[in-house]
Amino acid sequence: MLAAAARRYGPPEVVHLEEFATPTPGPGAIRVQVRTTTVGASDVAFRAGSPWFARLVTGLRRPRRPVLGSDFAGVVHAVGGGVTAFAVGDRVHGVTGVDGGTHAEYVIVAEDGALQRIPDGVDDIEAVAMLDGFLTALPFLRDLGRVKPGDRVLVNGASGAVGSAAVQLARWMGARVTAVTSGPNVALVRSLGADRVIDYTSEAFTDERDAYELVFDAVGRASFGRCRRTLAKRGVYATTVPTAGVLLLSPITRLLGRRRAVITFTGLRPDAAKRADLALLQQLVAEGAFAPVVDRVDAFADVAAAHRRAGTGRKVGAVVLAVHPLVPIPQPTRARAGASGGSDRAGGRADA
């Protein structure tokens, strides 16, 4: 099989297609023929070996696992002994977490892993684009922010894969949502259900005082220090980027019990927890309350270009890799997204 491998740390060009043996599923495992996968922020960090703490997971001198990727959508191709939950031909999507390996034509996953059947009416591109943003944003809002109806929630980086998911989820939870993005993406973010959209090129949300129960920094470009005064008395600043500052402040602010800085590593959660969240995702998709935003779709051979785009920090939604040659690659258009408060369904290609 073909897989996208990085044998050393470096720029996007270190990733190349390489032949690997096609894996065989053991007892309790299935082999999925990958149709689509994504290139996200973690893939960029693990490929570059930067920031430094990424190497604590991936290997200090060179990558331990040359094949990256944690999200997949595809078809069950073979099953191991004792498998009863899935059959050959089932369309499935899910995540492998830190095990990676989805930037390949085939991947082995446990029958009781973090996967489920793809909801009816969802194509291969949408099926993979919805995973990372949803499974990252949900624990931050639900478990750390404990968002409830009427809460004031600000999402910084609202047009990215995680941020666009957070806007939709916060709206579904009944929050009053303020979204921060750049001017070209204001209409898109508003269509996701944001009550208010701030263009950060002309307005600084950090000038506000006592304004939010939760500030979710989906791109890690603010800081607790800058956002502290925007928080309500017992407000929470949550970020996806584990800087030294937030790692230090998280236990300290927890003890103080007022405004808090928090972080969690959503990829390390147990498969059972992720599987339960995938069931919720299926429900929200069926209700029309959640849809993915797709930045662009690249052919598998263009994996280096996908890494380059994902590393710009300007992508709008998910960067998708079409691993299977039969997956159609859309022509460039502006991104579209729809959920509660939106009118168009996601799935268009966009260049921010």
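Quick caveat: nothing in here was measured; it's all calculated off a predicted structure.

1. A word on the overall build of the chain
Okay, so step 1: Within the chain, the regular secondary structure consists of 10 helices and 15 strands.
Okay, so step 2: The C-alpha radius of gyration of the chain comes to 19 Å, within 12% of the 20 Å expected for a compact globule of 352 residues.
Okay, so step 3: In terms of overall dimensions, the chain has C-alpha extents of about 55 × 45 × 40 Å along its principal axes.
Okay, so step 4: The proportion of buried residues among the 352 residues of the chain is 58%.
Okay, so step 5: Of the contacts made within the chain by residues no fewer than 6 positions apart, 66% connect residues no fewer than 24 positions apart.
Okay, so step 6: With an accessible surface of roughly 14,700 Å², the chain has 54% of that area assigned to carbon and sulfur atoms.
Okay, so step 7: Separation between the mean location of the 43 positive side-chain charges and that of the 33 negative ones in the chain comes to 8 Å.

2. What about the nonpolar core?
Okay, so step 1: Ranked by internal contacts, the top residues of the largest apolar core, which has 59 residues, are F134, L141, V167, L214, F216, L281 and V320.
Okay, so step 2: At 8 residues, the largest contribution of residues to this core is made by helix 4 (residues 131-144).
Okay, so step 3: Excluding residues that lie within four positions of it along the chain, F134 makes contacts with P139, A165, L169, D277, L280, L281, L284 and F290.

3. Brief notes about helix 9 (residues 271-287)
Okay, so step 1: With 17 residues, helix 9 ought to run about 24 Å at 1.5 Å a step, and its terminal C-alpha atoms sit 24 Å apart, in line with that.
Okay, so step 2: As for helix 9, its buried residues are in contact with strand 5 (91-95), strand 7 (115-117), helix 4 and helix 5 (161-172).

4. Considering the sheet that holds strand 11 (residues 212-217)
Okay, so step 1: The strand order across the open sheet formed by 6 strands is 10-9-8-11-12-13, and the pairing between neighbours is parallel. The sheet is open, and its two borders are formed by strand 10 (196-199) and strand 13 (260-262), each paired with just one other strand. Strand after strand, the sheet turns through a mean of 15° between neighbouring axes, direction not considered.
Okay, so step 2: Sheet topology places strand 12 (residues 231-239) next to strand 13; 3 bridges connect them, and they run parallel.

5. Focus on the side chain of R35
Okay, so step 1: Within the secondary structure, R35 is located in strand 3 (residues 29-39).
Okay, so step 2: With residues up to four places along the chain from it excluded, the contact list for R35 reads A73, G74, V75, D124, L321, A322, V323, H324, L326 and V327.

Here is what the cut-offs are and how they apply
- Residues numbered from 1 in each chain as written.
- Predicted model: local features only at pLDDT ≥ 70, side-chain atom pairs only at ≥ 80, totals over all residues.
- Heavy atoms only, no water.
- Helix = DSSP H or I, 4+ residues; strand = E, 2+ residues; numbered from the N terminus.
- Rg over C-alpha atoms; globule rule 2.2 N^0.38 Å.
- Buried < 20%, exposed > 50% of the residue type's maximum accessible area, 1.4 Å probe, protein only.
- Contact = heavy atoms within 4.5 Å.
- Areas by Shrake-Rupley, 256 points an atom, 1.4 Å probe, with all protein chains shown as cover.
- Lys, Arg positive; Asp, Glu negative; His and termini not counted.
- Charge placed at Lys NZ, Arg CZ, Asp CG, Glu CD.
- Core = buried A, V, L, I, M, F, W, Y, C linked by side-chain atoms within 4.5 Å.
- Expected span 1.5 Å × (residues − 1).
- Pairing = 2+ DSSP bridges.
- Axes fitted to C-alpha atoms, helices over the stretch in contact; angles between N-to-C directions.

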